[in-house]
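In case you want the letters, here they are:
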Amino acid sequence: MKFATWNVNSLRVRLPQVLDWLETHPVDVLCLQELKLPQDKFPLDAFKELGYQAQWAGQPTYNGVALISKTEGTEVQRNIPGFEDHQQRLIAATYPSSAGPIRVISAYCPNGQDLDSDKYIYKLNWFAALHDWLQEQLEQYPLLAILGDYNVAPTDLDVHDPKKWEGKVHVSAPERAAWQKLIDLGLHDAYRLFDQDSPGFSWWDYRRGAFRRDAGLRIDHALVSNALKPHSQACYVDKDPRSNEQPSDHTPVIVQFNL
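Residues numbered from 1 in each chain as written. Predicted model: local features only at pLDDT ≥ 70, side-chain atom pairs only at ≥ 80, totals over all residues. Heavy atoms only, no water.

A few points about the packing of aromatic side chains
Alright, step 1. Tallied over the full model, the rule gives nine aromatic pairs.
Alright, step 2. Here Trp126 and Phe127 contribute two aromatic rings whose centre-to-centre distance is 5.8 Å and whose plane-to-plane angle is 85 degrees, an arrangement assigned as edge-to-face. One exposure class covers both Trp126 and Phe127, and it is buried.
Alright, step 3. Aromatic ring contacts, followed pair by pair, group Phe42, Phe47 and Trp56 into a single cluster.
Alright, step 4. The aromatic ring of Trp165 is capped on one face by Lys168, whose charged end is 5.6 Å from the ring centroid. (Phe/Tyr/Trp six-rings, centres within 6.5 Å; stacked < 30°, edge-to-face > 60°. Buried < 20%, exposed > 50% of the residue type's maximum accessible area, 1.4 Å probe, protein only. Lys NZ or Arg CZ within 6 Å of the ring centre and 35° of its normal.)

This is the structure:
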């Protein structure tokens, strides 16, 4: 089985790219973020034509997440229970596998804007709520993967120029501490489970030729549970879509399992 995550930064704009990618990369579950589409405007028929099912949580203009899958997901959950939030940032569903049911979560974690912003406080509160909910989910679903745009570069290895990013969102100590609390639940950064020949950047600013210079950040991640870790075979970044005409500023991250 293969799972992937991709912040498409508007599915309305990037739909042809996503469909083309799925035809050449037929993953079992594709987690999408930043749909930027109302719930009733999701292009379900386009995915069905490729043989995929979909579950999604839409929102006009901003946010929005989806799970595109070969088999239909069950026990669907939208957003974090008990955390009052009008932004559509999370969707979870359960899928069959040879090892038993797998819980897959697509997450679009808040950006935070800057360290003095109310949005930064919201980001930390959101991560705290995510932590508590994941703790419950792991008890119910030992096989669990949460993929998405975390908007956190966990270490300086995940930043093209750590000095340049000092004092900014994505790299601050509280954000990295929130990430570590997720890891401490018994989750594992799939990309770091394997020897890599690349820093694994998944996001590059549209400005200043950042992609051409590989001046990026690794902020899109796949976290896998203790029970899923032994089944993990590989994790890699597909940089090719970032070279598309009118690309997203993110690119897909894929994790492969022997399931």
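Digging into the packing of helix H3 (residues 118–140) against helix H5 (residues 173–184)
Angle between the axes and distance between the axes are the two parameters that describe a pair of packed helices.
Alright, step 1. One way to put it is that H3 packs onto H5 with a least axis distance of 10 Å and a crossing angle of 10 degrees. By the criterion of interaxial angle, the relationship of H3 to H5 is roughly parallel. In contact with Tyr120, Lys123, Leu124, Phe127, Leu130, His131 and Leu134 of H3, H5 contributes Pro174, Glu175, Ala178, Lys181 and Leu182.
Alright, step 2. Tallied by class, residues from the contact of H3 with H5 come to eight nonpolar, one polar and three charged. (Axes fitted to C-alpha atoms, helices over the stretch in contact; angles between N-to-C directions. Helix = DSSP H or I, 4+ residues; strand = E, 2+ residues; numbered from the N terminus. Parallel < 35°, antiparallel > 145°, perpendicular 65-115°, else oblique. Contact = heavy atoms within 4.5 Å. Nonpolar A, V, L, I, M, F, W, Y, C, P; charged D, E, K, R; others polar.)

Details of the pattern of salt bridges
Alright, step 1. Counted according to the given criterion, the structure contains nine salt bridges.
Alright, step 2. A salt bridge links Arg218 to Asp158; the nearest nitrogen and oxygen atoms lie 2.7 Å apart. Taken together, the residues span a long stretch of sequence, with Arg218 in the loop between strand S11 (216–217) and strand S12 (220–225) and Asp158 in the loop between strand S8 (144–149) and helix H4 (162–165) at a distance of 60 residues. The two residues Arg218 and Asp158 agree in class, both being buried.
Alright, step 3. Among the ionic pairs, Asp214 bridges to Lys239, the shortest N-O distance being 3.7 Å. (Salt bridge = Lys/Arg side-chain N within 4 Å of Asp/Glu carboxyl O.)

Here's the deal with the side chain of His170
Alright, step 1. As for its placement among the helices and strands, His170 is situated in the loop between H4 and H5.
Alright, step 2. The exposure class assigned to His170 is buried, which follows from its relative accessible area of 7%.
Alright, step 3. Side-chain polar atoms of His170 contact the backbone oxygen of Asn151, separated by 2.9 Å.
Alright, step 4. Beyond its immediate stretch of four places on either side in the chain, His170 contacts Asn111, Lys123, Asn151, Val152, Ala153, Trp165, Glu175 and Leu217. (Polar contact = N/O pair within 3.5 Å; in protein donor to acceptor, adjacent residues only side chain to side chain.)

Re the pairing of strand S2 (residues 29–33)
Across a regular strand the side chains alternate sides, sitting on one face of the sheet and then on the other.
Alright, step 1. With respect to burial, S2 is a largely interior element, five of its five residues being buried.
Alright, step 2. By the alternation rule, side chains of S2 split into Val29, Cys31 and Gln33 and Leu30 and Leu32, which are all buried.
Alright, step 3. Examined bridge by bridge, strand S1 (residues 2–7) and S2 share five bridges and lie parallel to one another. The residue bridging Trp6 from the neighbouring strand is Leu32, located in S2.
Alright, step 4. Between the parallel pair S1 and S2, the chain is carried across by helix H1 (residues 11–24), and the sense of this crossover is right-handed. (Pairing = 2+ DSSP bridges. Right-handed = clockwise from strand over helix to strand, strands pointing away.)

Everything listed here is a matter of geometry and, on its own, says nothing about what the molecule does.
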